[in-house]
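Remarks on the overall topology
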Amino acid sequence: MNKNLVSYILSLTTKSGYSGVSMSTMQAFSDVPQERLLRALAEQLKLPLLQIARTAEFAQSNPDTNPEHLGDISYTADMALRLIDGYLLSVQMQSLPNLELEPVSLSAVLQDTAHRLSLLAQQYGCDVELNLAGKYEPVMANREALEAAYTSLGYAFIEALPAKDARHIVTLAVHRSNQGIVAGVYGDHPAWGSDVFKRGRALYGQARQALPVLSASSGAGVFIADALFDTMASPLRMARHHKLNGLAATLAPSKQLQLV
Amino acid sequence: MTRILLLEPDRKLAEVYRSFLESKGQEVVVAHHAQDAVMAADACRPDVVVLELQLVGHSGVEFLHEFRSYAEWWSVPIIVHTMVSPLSFGGDEMTLRRFGIVQYLYKPASTLQHLSDAINEYVPLTA
């Protein structure tokens, strides 16, 4: 193959994964985290909006429209709206001088999240599992932020599942550690690793694909969740649950209720 | 019947595109990754490839490079159907032609019918 052509091909894939954009163009982007998150969100929203548009177009063109298409459109739109809400909440929380935390039942939050994600998961050939074995005291958190964070994270995990015929599982799980109560989202993605997440944190909002070994989209759900957990001083970290890799936050148990 | 190799990483989108194109009488083989697409091309001998550039793992550009390295596939037209805007891709017309890219469709701006029309333009539908 022509050497100049090969050079051109290689130049299209920079180390950042932002194909076709020169480094000088990338450096022109703002590095403000909220702006980066907004760009990642905007890039991510192309996917559900495209899914909605094309599903609706197909349903219109097909005289034997399957009512399931309307359900697909509805769940997809719901997830997109939750992503937007998660982002807006993270911006709002970051602007508060003192964020008030309260005792929150992790089990209740994760159960609600699993239910919310289950309909979307079905569309991706995936099951959502809950692993809440054991008794856990409430954690000090903001309930709305926890719900938004786990929903965003779950959505990102479901959307990033390897598209194979095998049935996949996304697990929401809790366990105890020396630092507190660890609750996260886990999946059978083969390529997860701490270096992947670390690179993603450096790339989101600067590259179209911040997690290119995991997701064809921007992975905004992961970074929206990260921003939300960060406001509660519990940033996301790589974690393992049985044989699954994932991302989890370590939350402080509510000492007040331990005395009750 | 036109045989289309559709390289689409999103399962839901792949299903919609596949269903629509099949309703137009075309045969569609779906691959979600670049590696799977090379194997699928070997198995199905596509008449046309519809290619998303933004993939998981190896990119669509890497697939393009590998696909065009095989002599038996030099003449297979490729329609790029992607989330990457033309401005971001930055390829000029001559470079696109060298890759055998016959059309560049930006997904947010292209309907299902646009895709079908593009395929029919380069690989006419046979009854």
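Relevant structure appears above.
So, here's what we can say about the structure. These figures come from a predicted structure and were not determined experimentally.

Definitions and limits used
- Residues numbered from 1 in each chain as written.
- Chains lettered and ligands numbered in written order.
- Predicted model: local features only at pLDDT ≥ 70, side-chain atom pairs only at ≥ 80, totals over all residues.
- Heavy atoms only, no water.
- Contact = heavy atoms within 4.5 Å.
- Buried area = accessible area lost by both parts, 1.4 Å probe.
- Salt bridge = Lys/Arg side-chain N within 4 Å of Asp/Glu carboxyl O.
- Pairing = 2+ DSSP bridges.
- Helix = DSSP H or I, 4+ residues; strand = E, 2+ residues; numbered from the N terminus.
- Axes fitted to C-alpha atoms, helices over the stretch in contact; angles between N-to-C directions.
- Expected span 1.5 Å × (residues − 1).
- Buried < 20%, exposed > 50% of the residue type's maximum accessible area, 1.4 Å probe, protein only.

1. Describing the interface of chain B and chain A
Taken together, the 36 residues of chain B in the interface contact 38 residues of chain A. Where chain B abuts chain A, roughly 3100 Å² becomes buried across the two surfaces, and 63% of that area is made up of carbon and sulfur atoms. It is Arg11, Lys12 and Gln54 of chain B in chain B that bury the most area against chain A; as a group they hold 24% of the surface buried on that side. Taken together, the connections running from chain B to chain A amount to 0 salt bridges.

2. Overview of the sheet that holds strand E4 (residues 168–176) of chain A
All names here are of chain A. Strand order in the open sheet formed by 5 strands is E2-E4-E5-E7-E6, with mixed pairing between adjacent strands. Strands at the two margins of the open sheet, each flanked by one partner only, are strand E2 (126–131) and strand E6 (237–241). Put simply, the sheet's adjacent strands are angled 30° from each other on average, direction ignored. By the bridge criterion, 6 bridges tie E2 to E4 in an arrangement that is parallel.

3. Some thoughts on helix H8 (residues 220–231) of chain A
Residues and elements named next belong to chain A. Here H8 contains 12 residues, and its C-alpha end-to-end distance of 17 Å stays within 8% of the 16 Å for a straight helix at 1.5 Å per residue. When you tally the buried positions in H8, you get 10 out of 12 residues, the bulk of the element. Looking only at H8, the buried set comprises Ala220, Gly221, Val222, Phe223, Ile224, Ala225, Asp226, Ala227, Leu228 and Phe229. Residues of H8 that are buried in the fold lie against helix H3 (33–61), helix H4 (68–95), helix H6 (143–159), helix H7 (194–203) and strand E7 (244–251).

4. Quick look at the pattern of salt bridges
Within this structure, the stated rule accounts for 13 salt bridges over all chains. We note a salt bridge from Arg176 of chain A to Glu137 of chain A, for which the minimum N-O separation is 3.2 Å. Within this pair, whereas Arg176 of chain A is found in strand E4, its partner Glu137 of chain A is found in the loop between E2 and strand E3 (139–141), the two being separated by 39 residues in sequence. A residue is classified by how much of its surface remains accessible, and Arg176 of chain A, at 43% relative accessible area, is partly exposed. You can call Glu137 of chain A buried: its relative accessible area is 18%. Between Arg45 of chain B and Glu72 of chain B there is a salt bridge whose closest N-O contact spans 3.7 Å. Taken together, the residues span a long stretch of sequence, with Arg45 of chain B in the loop between helix H2 (34–44) and strand E3 (48–51) and Glu72 of chain B in the loop between helix H3 (60–67) and strand E4 (78–82) at a distance of 27 residues. Because the salt bridges share partners, they merge into one network encompassing Asp112, Arg143 and Glu147 of chain A.

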